[in-house]
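The residues making up each chain are set out below.
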Amino acid sequence: MTVIAGIRQSLTWNGVDAALFAAAAVKPADRVLDVGCGTGATTRIAARLASRGHAVGVDISAPLLRTAQKLTAAEKIANASYQVADAQVHPFPACGYDVIVSRGGVLSLADPAAACRNLARALMPGGRLVLVSSRSDPDRVRAVLDGWENVEVVRHEGIRLVTAGRPRRMPTDAG
């Protein structure tokens, strides 16, 4: 089945990149993970910003990732790669990323709290998580990110922009 976003949805989502990347504050040497990357538009932006670093896009759809790889090659972006992965359970490298971004992928998963616990392990101490969602209410988002540092949920042009810092105590820490 093919799902095509309506024009209203595309206008809302296409206008969020500036806010997403301003909040993400990607630095040239950063390692960035883009969760639910689809055809890789956000991954390619992250790779350009992390010019001496690397951006990895993950999605559960292999066909979308093949398109992402073709578009990335066509744009001659050498520091981006893609993996088929479910953020809820994928064994991301511990402390493998400085920044994690998602334009809706994380909060739309079957178990977003499990995904966030898994992503916390993948994020460096002092790292940043920045999510975009069109539907989630702030209380639900805060519950999903329980234990994360400095959680902020702000409304921006029809979407919610969520920022958080890596938890001081990992979700699997005892006591």
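Notes on the structure in this doc start here.

Reading guide: rules and limits
Position numbers for residues start from 1 in each chain and track the written sequence from start to end. Since the coordinates come from a predicted model, pLDDT governs what is reported: local features require at least 70, and pairs of side-chain atoms require 80 or more to be given and counted, while whole-chain, interface and lining totals use all residues. Heavy atoms throughout the structure, all of them, feed into the side-chain values; hydrogens and water do not. Here a helix means four or more residues in a row that DSSP labels H or I, a strand means two or more in a row labelled E, and each is numbered from the N terminus. Exposed residues in this analysis have more than 50% of their type's maximum accessible area, buried residues have under 20%, and partly exposed residues fall in between, with area computed by a 1.4 Å probe over protein chains only. Any two residues whose heavy atoms approach within 4.5 Å are treated as being in contact. Note on ring pairs: Phe, Tyr and Trp rings are taken, using the six-membered ring of Trp, and paired if centres are within 6.5 Å. Classes follow the plane angle, with under 30 degrees stacked, over 60 edge-to-face and the rest tilted. Whether two strands pair comes down to DSSP finding at least two bridges between them. When the strands point away from the viewer and the connection leading from the first strand across the helix to the second strand turns clockwise, the crossover is called right-handed.

1. What to know about the overall build of the protein
Counting its secondary structure elements, the protein contains six helices and seven strands. The helix and strand sequence of the protein, counted from the amino end, reads α-α-β-α-β-α-β-β-α-β-α-β-β. Out of the 175 residues in the protein, the part that is buried amounts to 47%. For the protein, restricting intrachain contacts to residue pairs at least 6 apart in sequence, the fraction spanning at least 24 positions comes to 69%.

2. Comments concerning the packing of aromatic side chains
Inspection of every chain in the model, using the stated rule, returns one aromatic pair. Note on Phe92 and Tyr97: the rings are 6.5 Å apart at their centroids and 85° apart in plane angle, and the pair reads as edge-to-face. Judged by its relative accessible area of 10%, Phe92 falls in the buried class. For Tyr97, a relative accessible area of 7% corresponds to the buried category.

3. What to know about the pairing of strand E3 (residues 80-84)
In summary, the side chains of a regular strand alternate between the two faces of the sheet. Note that strand E2 (residues 54-59) and E3 share five bridges and pair parallel. Counted as the bridge partner of Ala55 is Ala80 from E3. A crossover links E2 with its parallel partner E3, the connecting element being helix H4 (residues 62-74), and its sense is right-handed.

Read these as geometric descriptors, not functional statements.
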